[in-house]
Every structure is written in structure tokens, then in C-alpha cells.
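So the chains spell out like this:
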Amino acid sequence: MTTTDQYEEERLHHTPWVEKYRPKNLDDVASQEHAVAILKRTLATANLPHMLFYGPPGTGKTSTILALSKQLFGPNLSKSRVLELNASDERGINIVRSKIKNFARLTISNPTPEDLANYPCPPYKIIILDEADSMTNDAQSALRRTMETYSGMTRFCLICNYITRIIDPLASRCSKFRFKLLNNDDGLNRLKYIAEQEDLTLDQEEPVLQQVLDISGGDLRKAITYLQSASKLSNSYDEHQEISGKLIRETAGVLYEEIIDELVNVIKGKNHTQISNYVNEIILQGWSIQQLISQLHDKLILDDSIDSLTKNQIAINLFETDKRLNNGSDEHIQLLNLSLQISKVM
Amino acid sequence: MSLWVDKYRPKTLDQLLYHDSITQSLKALSKSGDFPHLLIYGPSGAGKKTRIYCTLNEIFGSSVEKLKIDVKTFVTSSNRKLEFNVLSSPYHLEITPSDMGNNDRVVIQDLLKDIASTEQVDFNNQSSSKTKHRFKIVIINEADSLSRDAQAALRRTMEKYSSNIRLILVCNSISNIIAPIKSRTLLVRIPSPSITDINSILSNISVKEGIKFSSNDLEPFYTKVSTASNRNLRRALLSFETLTMQNETIKPETNLSIINLDWEVIIKNIANNIKTARNVATLAKIRTVFYELLSHCIPARIILKTLLFNLIEIIPDVRVVQELVNLASVFDERLSLGQKSIFHLEGFVAKSMVTIDQYN
Amino acid sequence: MSKRRKYQPVESSFEQIDSDSDDSIIVSKSPSQSPPRPPPSSVQWIDKYAPISTSDICINPTKLTQVRNALTSMINHTSTSRVLVLSGPSGCSKSTTAKLLAKELIDSSDCLVEYNETFDIEDFLSNCRYRIGPNLAVVLIEELPNVFHAPTLEKFRNSLQQWISYDGELPPLVICLTEIEYGEGESWYNIENTLTVDTVFGRSLASQMNIIKFNPLAVRFLNKTISNIVKNEPVFNKINKVKLKSVLDQMYKVGDIRSIISNLQLWTILNSDTVCLRENQINLFHAIGKILYSSSEFTHMNKEDVDHHSIDQVLSQFQDNLPLVNLGLLENYHILNTSQFPVQLAADITNDLSISDIGVTDIGIRSARVNLRKLTSTKRQDQIRFPKQFKMARLARITAGQVRDYQRYITPRSSFNDLNMIDGYFLPMIYNRRYKQRYSYNRLGGKFKKIYDDEVEDERVDYDQFQDEIKRKKLEDVELDSEGELSDPISESDMETDADSEDGFSSDPELDLLISQGRI
């Protein structure tokens, strides 16, 4: 085996499942019937508007546009007709502008007769701007003009999580597609499919895949990644270990339910020494407090034994703590404060 | 003669004494031939670095212990020269991005690109070599202090060079690590060792070093040392060695005040001052002490935290505790947002005095 | 930084500047050499009326005599000191006096050697040693080397000390020091907040020098020079004498002859009622005083207006440097009423200062004034002090440097914080016992020390074995390097200069302000 082959093999081996199991065509895209239906129609006429895909992460935005361009151009032509740019990669105005301009200016490559026979091959190029909401306003305004200048032979597809972060003039030039959170069954089916393909040994005692989906909060990309990490860890043992809920949680950095339960208990106990001690223990265990807060939120807000006024106050405290953590403050102090504040209102 | 903390540092995974399941995982991973990028996190003194080096040893053999240090220079866009240390063995490199300030993105990108391109050549030349791993490990310390820019760049780099570079990111908390990195690395959490874990390590060393004690009931003594070290193994070992150095025979029941760190004692005194003399003159005095601590590179955040925990220890009133912790959380955030920490430290102290007065 | 004040128009909008008047050469033209004067309208009065001989200098004659005697005795080697320092505020004719006296006392066209910032001070001084006998010249240091940079300052002092203790004949050395003081009193300043004889030279060096202090120029000497200009410039014929007098009275207050002449010329050209005087900057200490006690200028107003105006005055001057004022307030708010006031007030002030630090706002300054107004008595014990922030930052750099070195050369696997906070404390105790060499290891990064703001020097480092080990390892490394094929001495020295700029405050906006303040 030559070195290059070996590399190729290793590269394949390292391909994230997220890439490996990307939908190959629009029909494979899970859960987004509405968007898919419209896009299919444009496929028929091969007339594409500028597009803006928005919605929570892991709902299939990138997959959809990639599948669409494959169906438009076929695998060969895609290479010269589609530019995928990650806006957060290099977000300066100049880079965005020059990269896009250079690509947009290129003359349209000619499809081979073979491609023409199998694919619509419309006479334009597609520029995909992933994470467009992380572009600065300046870069976005610059983009607006670029879009107009090259609209003759270029279609843009902006992808973002928050449509409010796209400036109006830009948004108004695009047809908007909202991608909704994956419904549970679709997500579960996709995970099942992957588990079968990869021949995973799952713990039969518990609904592992459902847990994976729960932990990732409907983000299919996350779910697939967690599954891959867990399988990697379990595979490396000599005697293949089953993939269990606990293993998934550990690879996802999610706290065990028992810890959250115990914390709530201690908080309810209102003894500040105990609270302080347990908080210290959690810190020494190395858990991510941001993660803890989101789990604590789910726990307390769904707890029917707490009245809504209390929940209200708890929510404010959670919000405040989350904000402070985002500002880079100390996890120990913030968690202690949060626990004491909640114990005060409960 | 080396320090115990070095002398008794495990060199291989088999020598590791606690967190067995993690050790198992690391062992399995290093054997598997499909070594992923790792994100290793946990409190300081939990043994993150020790475990990493043990894992490297498992993969590449003991030559990873042969470290050399290089000083690389980097010229920023504003033409300032930056220096940072690169610690390396034939199989790995180790960097600490906080040395690089705001330029971490460029520096790391350049460095990794460099390694990736030279390694490629090396592998081609030594295709017959026995080493089955054709990648080099890059350890990035304090990964949580990487700018978001640098993290975003790392994410790309991880994919680009995945054939010949494996990253091991090390940090205390993953809260500041961006999601794409978390999803591209295998998370390994290393909790602090338990009191029992530390106690048994200390007692092992006592036996090996032939330490003399005046009594036989040592467990409470070890526990004191472990607790005072806040379960930081490095600190526990250093303080234990210091204690044994002071006397031929250790009297476990004696005062162990020597194991309290100098700066911690200073902060404790501040707390006592706040409790006993809540007035403006004290504020001015404490300010000078803060400057003293800051001038010794004790991070403001640690000063604030240590002060808070000292205060709530000596003022047990639950209402006061609640208020003080709340104040600390406010001023702690300001430490992040602001420029000069002295304002926030003194602000916290002044407000604390008022709070204590209120409930007195 | 310490750019010599150039004889240039104050306002750049001044249109009829000839290229040759835009020249940085100062005075020292003898009448015979003076170049043909350009048409009167385009020449700067400051050049046109530059004193030609010592008798023209706008200075108290007794001061002139004093300097002349000092210089003469140095030339004749009858003087007890080898360095003459002329100190005083800017624009009081210090350097003009030195230069014209040199010409008067030494009969040679090459009677003056001037230092400039780009020279290495050590080389400069050792070269100047030979300017004796037939080559006799006055050695003048008007521009100082970068004294804000500790190693440069030390070098400067050492060179001066060598000069003083040199065993042999030396030419007279004159140093003109434009003093910048931010307040009164002697016990609290250091080189970072004031430039004075003591902070620049240190007390021991200063005691070996002959120091002559210049004061701001008195009105009657100023008047002599200015009247001469008024007499000779036709433009004044058209100007109302009463108006002129009122303008001049205003200008004389500054006591800076350069500033007065420039402004007078500008005034005649603009012919407006406003006078662009050298702005009488309120310095940091006054600014803090105005916030702490409110300004005394506005006593006729009611309390709130006084506060309002005091704050505005400070804000208008320190708009770009509120953090410095805030630091100053934090350092000093407690001196009011000898600290006898409720903690609640202090909490409010510090809390608002803390908020100010998050975004640049004036809330801290306003809060300090409004809260301190509540105090009835403003009795004070302490003087206003300079914030310790800069001293702290400098010491922190030293500590960080020591710990980094230890990390780099001795224990590369340890983290900085571990070394500084844990190992740094335990290691000396372990090693000192183990090797039975008590106290030869110090705490890593230096002992914890109170920071006194009035320390000028005295950071004597105790013997420390850690530093010794680092040095040894450094040497080994260098040897290893030189055995290898590539040892690059240039990069070595490059590294040093880089470290220097780290240490200097060149990039600190607050220090920049202090410096620029002093140089106006």
C-alpha cells in the first residue's frame, strides 16, 4: 500500500459522520417538508432566487443547500460552480469581498454533455455563506452591492441561526426559508439508520438514541457527533463496550441527572454551608457550569411543584448567571451565588 | 535530588493511581490507532498534564520525556516582536497561548501549518519506520483562554490537518470553548482526586521515604493536608514535603499553618480586617495590600474569590453570606468587563463592609 | 518623548511660514554669522528677537551672574562640582543662558557640544572628556535620554557618576532640566509622576552637583524684552495701547518667554480679542483636588454650581484620560476628613468608580464629588498621592519575568500560575532545608512587599539562589547555542531591545499623558 493510499484511507476514517451521512438529495432532508417542497419546485424550473436559510443549529440548512446544488449541477460541475464560505472563518470585509468577487467574476464553466444529460445545470454559480449572522454589518453592506453586481450569473445562499442579525437590505433581497427544529421521530430515524450502518452496539436497557437526541436538544449534527465520539471510545476497548447513556453524557460533557437532583435537594435544604460544600464538590469534579445551568433550568422550570412566580424569579437568576458566565466570570462564585439566590426564593 | 512531586509523578498509564476508568479509556484510545483530538478539562492539580504525558508515553514510548524548549519569535502586524515558548519532544509540541496575547489565532495557525507541512515530508521519508502513528501531537494549554477567533481557526485546522496532527486541548473549564470545537474533540473530564486518593498517595510516599511520625494515627493528618490543598495534588505533595523538611519527626497534631500559602494568609488577614474594622481608613490600608498582591501577579479574580470564601467562613450569618456572594458575583463580572482590577476589588470590599454593618 | 521645544509657531494654521523658519536650530547665532534675514513679515519674532548676547537674555541679572560664576569656575577648574544643573519650568531661558554664556566664556566657534536623544549617553560623555585645553567646549545636555525607562535611567546616572569621579581634567558639563511637578511636597513623588532633580538624578548624585534653580520669569524682565519687540514692530502702531496692555498682562502670568512671544505675534496677526495662551493645564493633582474639595475658583456660586463647574473643568481637560483621574480618585478619596466618614459613602464612590472602569464614563468622577460634598469638614491629613497602579504594573512585570525565566530554564513543564502561587512559596522552604543553606533561596518572583509610592529607587535585590540557577542555565544554553552552527548575536540583542520596550511605558496612554503634560 502506498503512503498516499494510506492517507486516503485515514482521511476517510476520520471523516466525521456528519459529513458521511449528509443527505444526498432533497428527499433525504429530514423534517423540513415546507422548505424542501418549494426548493424542489425551483429545481424543476432551475430558476433559483437568492436564498436565506435560518433556523436553529443542526436542522439541515447546510445539508439542504449542498444537496440542492448537487442535484442542480451533479458532483463534477459542483466543484467549479459552488463556493462554500464560512463567514466566521475570515470575517473581514475585504476577505469576504475579494473571495466572493473573484469567484463571482469567473466565467461559468461549461458542463460536460454527460452532466447536461443528467442534471439541469443552470447557467449560474452558487455562493454559500455559512454563519452569515456572524458577519459584521460592514461586511454585510458590502455584500449587498456585490450581490447586485453579480446577480446575473450568481445566486447567493446565506445561512444563519438568527435572522435578526442579518441587515434588512440584505434579507429583503433573499427568499427566506425557515428551518424548524427537527421533530423527534425524524431525528430518531436518522440516528437509527446511522447506528445500523455503523454497526453500533447500544445498551439495550435504555433508549440510548432517544437520550442522545434529548441531550443534543434536537440538533441533529450534535447528536450524530456525540454518537460518533461515544462509539470511538467504546470501540477502542478490547472487548467492545456497549454504548450507554452514561458514556454519551460523558462524551457530551453533560452532567449526570443525579448531580442535578442532589443540587436541587441541597438548594431546597437552604443550609448555606451544605450548599457551599456541594457547589465546591461540583467544581472539583470539573463540570462545566454553563452546561449545569442549562440542565438546572430544564429541571426547575419543568418542576410542577414550583409555582410560576417562583419560577419567574429563578429564571431571572439563571439568566443573570448565564450572562455573567458568558462574560467570562468565575464559575465557582457564580454557581454559588445562583444556588444561594434560588434557595432564597424557593 | 528532585521534588517528590516530580519524583513520584507517574510516567506511564499503569502507574496512575486514581480515576481508573479514565485511565482505561486513555489506554484504549492510545492503542486503537485511531487517536482522536482530545479536550481534557478539570480543576488544576487534578492530574491532567500527568495523564497526557502518560498517554503520550503509551503511544510513542519514553522518548516523549526528553523535552527541549524553544523560544519562537513572532512579529505582529504592528511590528512588535512576541516571544513564546514551545516545549517539544520528537513526537509532540506543547504551547501556551496566553503567551501570545491577541495574536493567538495567527501564531497557532502558522505553527500548526508549519508542523503539518514538515511532518508530511518526514513521514514520506521514513515510511518504513516502526512507529505506527504518523501524527504529531500538539498540546495546547489553557485552551479556555484562546480568543474566539483562534478557536474558530483551530476548528478549521483540525479538519485540514487531521491526517498528521492530533490536538490535545487542556483547560480548567469547557464553558469558554466554542461548540464546534467541543463537537470535534473527545471530551475527557479529569475531576480532582478525592481526599482518600490523596491520603493514600501521601501515605505511600511516607513509607517509601521513611518519614518518622510521633503518632500512628495519620489519617486525620493526611486529611488536613489534602483539605488545605483544596484537593490539588501538586499542592498537597509540595506542602507535605515542606512539612517533612521542617522537623525530623512530624507531630501530626501540631499546627500546620506553614502549609497555608503566603498570599492566602495575606488575603485572610484582609478578611479579618474587614470583619473587625469597617471604616474608610481600613479601606485605604486594604487597597495597598491589594496592590501588593497584584504586583506579585496574583490574579485579581483569585484574590476576590479567596477573599469571599474567607469572609463567609468568619461571618456565618446566612443573610450576610447570601449578600456577600451576590456582591462577589457582581464584582467578579466587572473584573472581566473592566480594565483595572483595583476598582472592583475595592468596590467589593467597601460594599461588603456596608452589608456586614447592615446585619450587625 | 522628551523632544526639545522647537522655535516654531504654536499654531500650524499659521500660513506664511518660510521653509527656513521651520527650523529646529536654536539660537546660538553670533551676530557675524547670522544669515540674511527674510522679509520681516514672514520671520518668527522668536528668531528675530532671539538674544544675541547674555545681556539680552530675559532673565534676572543676579541669576545670570550666578550661572556665569559657576561656569567660569568650572572652566578654570576651581569649582568643587563637575556638573552644573539648571533646573526650572519650561521657557525660563535655561538653555539660552547656557549657550550664550558658553560663547561668551570660550573664545571659539566650536564652543558647545550638545547631546541629543539618539546618542548613547555613555559614549557621548566619554567622547566629551577630550573637549579640554585647546578644544575646550561646554558640554550641554538639554534633551534627556529616556529616563522613564528604568535601565536607561540607571545608565544615565552611572555615566554621570563616572563623569563626576573621573580622575582627570574635564570640560564643564551643563544639564538643563525642565522640571515637571504635579504637586507640592517632597515625600511622595517618583520619576513616574514628576521630573525633578531628585527623581532624575537620585539624591546621592544630586548632592554632588551644582544646582541652580530658575523660576518662571518675572514681569519686569519679560517686559523689557517685550517692550523692545513692541517698539520695533510697526504692527503695534495700529494697536490700542490699553488693549495691548491687558493682553500682555494676561500673557505675563505664564512666565514662559517662548510662549509669550509666539502668542503675541499670533495675536497681532489674528488681531482678535482672544489670546491663544499656552494653555495652563491643570495637572492631575489639581484635577483630583478639584474633585475632592471642589474648585475654589467658583466660590461665589451656590454649592451645586460649584460642583458642576469643578467637574466640567476636570472633564474638559481629562476627557481622554478619565481612567487616570479615576485611579487618582480611588487612591485619594479617603484622605478627606482624615478618613472619618461613613463607609456607605466610600462604598458609593468606589462602586461608581468600578462602574466607570467598565465603560469609559464620568460617573465615577461625578459620584465622588457629589458624595464627598456631603462631608461638612474637609480637614485633611495626607497629601494627594499618585496612584500606585503604575508602580504595581512595573513590579508585576518584574515578578512575571522572574517566574517566566524560572519556568523557561528550570521547570518548563510547570504552569506560570502554579509556579507563582504554589511552588514559589514551597520551594524555598524545601530547598533551604534540604541544602542546609538557609535563606539562600527567596520566594520565587520576589517577596511580598508593600508598595510605597514614594520609593524612588531602593529596590535592592537580595541574593537569591533561584536567580543564580537561572543565570547558570542561561549560560549553559548560550554555550550550547554557540557550539551549534548558528548562533546569532544580532537576534540576541534584538530580544533585549524588545524586552526594553516591554518595560518602558511607551504604550501606556496614561503615562503618555503625563509626559505630554509636562512637555507643554
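Since this is a predicted model, take the numbers as computed values, not measurements.

**Q** For this particular structure, what's the right way to read the overall build of chain C?
**A** Helix and strand counts for chain C come out as 20 helices and 5 strands. Burial analysis of chain C (520 residues in total) assigns 34% to the buried set. Nonlocal contacts in chain C, meaning residues at least 24 apart in sequence, comprise 72% of its contacts between residues at least 6 apart.

**Q** I'm lost on the overall build of chain A in this one. Help?
**A** The helix and strand inventory of chain A stands at 17 helices and 5 strands. Counting only C-alpha atoms, chain A reaches 75 × 50 × 40 Å along its principal axes. A burial count over chain A gives 40% of its 346 residues as buried. Restricting the contact set of chain A to residue pairs at least 6 apart, pairs at least 24 apart contribute 78%.

**Q** Before we go on, may I ask you to explain the packing of helix α13 (residues 257-269) of chain A against helix α14 (residues 272-285) of chain A in this structure?
**A** To describe two helices that pack against each other, one gives the angle between their axes and the distance between the axes. Residues and elements named next belong to chain A. As a packed pair, α13 and α14 sit with axes 9 Å apart at the nearest point and diverge in direction by 160 degrees. Our classification of the angle between α13 and α14 gives roughly antiparallel. In this structure, the crossing between α13 and α14 has a hand that is left-handed. Contact residues: Ile259, Glu262, Leu263, Val266, Ile267 and Gly269 in α13; Gln274, Ile275, Tyr278 and Ile282 in α14. For the contact of α13 with α14, the class distribution of residues is 7 nonpolar, 2 polar and 1 charged.

**Q** Can you walk me through the sheet that holds strand β2 (residues 82-86) of chain A in this structure?
**A** In any sheet, the strands associate via hydrogen bonds between backbone groups, in a parallel or an antiparallel arrangement. All names here are of chain A. Strand order in the open sheet made by the 5 strands is β2-β3-β4-β1-β5, with parallel pairing throughout. At either margin of the open sheet sits one strand with a lone partner, and together these are β2 and β5 (175-178). Looking at each pair of strands side by side, their axes are set apart by 15 degrees on average, direction ignored. In this structure, β2 lies alongside strand β3 (residues 125-130), joined through 5 bridges in parallel fashion. Bridge pairing in β3 places Leu83 opposite Ile127. Its contacts with the sheet place helix α4 (residues 61-81) against β1 (51-54), β2, β3 and β4 (154-160), and it is angled at close to 140 degrees to β3.

**Q** Sorry if this is basic, but what is going on with the domain arrangement of chain A here?
**A** Interfaces are often sized by the accessible area lost when the parts come together. Along its sequence, chain A is organised into domain 1 (31-178), domain 2 (184-252) and domain 3 (257-345). Summarising the inter-unit geometry, the C-alpha centres of domain 2 of chain A and domain 3 of chain A are found 28 Å apart.

**Q** Looking at this model, I keep getting lost on the domain arrangement of chain C. Mind explaining?
**A** Assigned domains of chain C: these are domain 1 (40-213), domain 2 (284-372) and domain 3 (389-516). Distance from the C-alpha centre of domain 1 of chain C to the C-alpha centre of domain 2 of chain C: 40 Å.

**Q** Where do I start with the interface of chain A and chain B in this structure?
**A** Taken together, the contacts link 42 residues of chain A with 45 residues of chain B. Looking at the side of chain A that touches chain B, the elements with two or more residues in it are α1 (3-14), α11 (220-236), α12 (245-252), α14, α15 (289-301), α16 (308-326) and α17 (331-345) of chain A. Across the side of chain A that touches chain B, the residue classes break down as 10 nonpolar, 22 polar and 10 charged.

**Q** Explanation requested: the interface of chain B and chain C in the structure shown.
**A** Across the contact, 50 residues belong to chain B and 46 residues belong to chain C. Ranked by the residues each element gives to the side of chain B that touches chain C, the list is headed by helix α14 (residues 341-358) of chain B, at 10 residues. A class-by-class count of the residues in the side of chain B that touches chain C yields 24 nonpolar, 13 polar and 13 charged.

**Q** Any chance you could explain the sheet that holds strand β5 (residues 210-213) of chain C here in plain terms?
**A** All names here are of chain C. One open sheet accounts for 5 strands, arranged β2-β3-β4-β1-β5; its pairing is parallel. On the outer flanks of this sheet lie β2 (112-114) and β5, each paired with one strand and no other. Across the sheet, the mean angle from the axis of one strand to that of its neighbour is 20 degrees, orientation sign disregarded. Relative to strand β4 (residues 173-178), strand β3 (residues 138-141) runs parallel, the two sharing 3 bridges. If you follow Val139 over to β4, its bridge partner there is Leu173.

**Q** Would you take a moment to explain the environment of Ala98(C) for this structure?
**A** Residues and elements named next belong to chain C. Within the fold, Ala98 resides in helix α3 (residues 94-105). For Ala98, a count of 23 C-beta atoms within 10 Å corresponds to the buried category. If we skip the residues at most four places from it in the chain, Ala98 touches Leu86, Val138, Leu140, Val174 and Cys176.

**Q** How do you make sense of the packing of helix α3 (residues 33-45) of chain A against α4(A) when you look at a structure like this?
**A** Residue and element names in this part refer to chain A. Contact geometry of α3 with α4 gives a least axis separation of 11 Å together with a crossing angle of 20 degrees. Judged on the interaxial angle alone, α4 and α3 are roughly parallel. Handedness of the α3/α4 crossing: right-handed. Residues Ala35, Leu39 and Leu43 of α3 pack against Thr64, Leu68, Gln71 and Leu72 of α4. Per-class residue counts for the contact of α3 with α4 are 5 nonpolar, 2 polar and no charged.

**Q** I would appreciate a short explanation of the environment of Leu67(B) in the present structure.
**A** By secondary structure assignment, the location of Leu67(B) is in the loop between α3 (48-60) and β2 (68-75). A tally of 13 C-beta atoms within 10 Å means that Leu67(B) is categorised as partly exposed. Considering only alpha carbons, one finds Leu67(B) and Glu94(B), 27 residues apart in sequence, at a separation of 10.0 Å. Among all residues touching Leu67(B), those that are not within four sequence positions of it are Leu87(B), Ser88(B), Ser89(B) and Pro412(C).

**Q** Sorry if this is basic, but what is going on with the environment of Lys94(C) here?
**A** Residue and element names in this part refer to chain C. Inspection of the secondary structure assignment puts Lys94 in helix α3. Each C-alpha atom, one on Lys94 and one on Cys176, is 6.4 Å from the other, the two residues being 82 residues apart in sequence. With sequence-adjacent residues up to four places away left out, Lys94 is seen in contact with Leu86, Gly88, Cys176 and Phe214.

**Q** What is the right way to read helix α12 (residues 303-318) of chain C from this model?
**A** Think of an α-helix as 3.6 residues a turn; residues three or four steps apart then line up on the same face. Residues and elements named next belong to chain C. With 16 residues, α12 extends 23 Å between its outermost C-alpha atoms, agreeing within 8% with the 22 Å of an ideal straight helix rising 1.5 Å per residue. Within α12 the residues assigned to the buried category are Val306, Asp307, Ser310, Ile311, Val314 and Phe318. For α12, the buried positions fall inside an angular range of 120 degrees around the axis, keeping them on one side. Exposed residues pointing more than 90 degrees away from the buried face of α12 are listed as Glu304, Asp305, Asp312 and Ser316. Tucked inside the fold, the buried residues of α12 contact α11 (284-293), α13 (322-332) and α15 (363-373).

**Q** So what exactly am I meant to see when it comes to the nonpolar core here?
**A** Looking at soluble globular proteins, one finds that nonpolar side chains tend to be buried together. Counting residues in each nonpolar core, the largest one holds 226 residues, and the members touching the most others are Leu158(A), Leu39(B), Ile40(B), Leu169(B) and Leu308(B). In terms of nonpolar packing, the next biggest core, distinct from the first, is built from 50 residues, Ala102(C), Ile141(C), Leu160(C) and Cys176(C) among them.

**Q** Looking at this structure, how should I read the pairing of β4(A)?
**A** Residue and element names in this part refer to chain A. Counted residue by residue, β4 has 7 buried out of 7 residues, so it is predominantly covered. Of the two faces of β4, the one holding Thr154, Phe156, Leu158 and Cys160 and the one holding Arg155, Cys157 and Ile159 are both buried throughout. Relative to β4, β1 runs parallel, the two sharing 4 bridges. Looking at β4, one finds that Met51 is bridged to Cys157.

**Q** Looking at this structure, how should I read helix α11 (residues 280-295) of chain B?
**A** In this model, α11(B) (16 residues) spans 23 Å end to end at C-alpha, consistent with the 22 Å of a helix rising 1.5 Å per residue. In the core, the buried residues of α11(B) are packed alongside α10 (262-276), α12 (300-314) and α14 of chain B together with α14 (343-358) and α16 (389-409) of chain C. Of the residues flanking the end of α11(B), it is Cys297(B), one or two places downstream, whose phi is positive at about 60 degrees.

How each quantity is defined
Residues numbered from 1 in each chain as written. Chains lettered and ligands numbered in written order. Predicted model: local features only at pLDDT ≥ 70, side-chain atom pairs only at ≥ 80, totals over all residues. Helix = DSSP H or I, 4+ residues; strand = E, 2+ residues; numbered from the N terminus. Buried ≥ 20, exposed ≤ 12 C-beta atoms within 10 Å, placed from the backbone. Contact = placed C-beta atoms within 7 Å. Axes fitted to C-alpha atoms, helices over the stretch in contact; angles between N-to-C directions. Parallel < 35°, antiparallel > 145°, perpendicular 65-115°, else oblique. Left-handed = near helix turned anticlockwise from the far one by under 90°. Nonpolar A, V, L, I, M, F, W, Y, C, P; charged D, E, K, R; others polar. Pairing = 2+ DSSP bridges. Domains from an automatic or database assignment. Expected span 1.5 Å × (residues − 1). Arc of directions from axis to C-beta. Core = buried A, V, L, I, M, F, W, Y, C linked by C-beta atoms within 7 Å.

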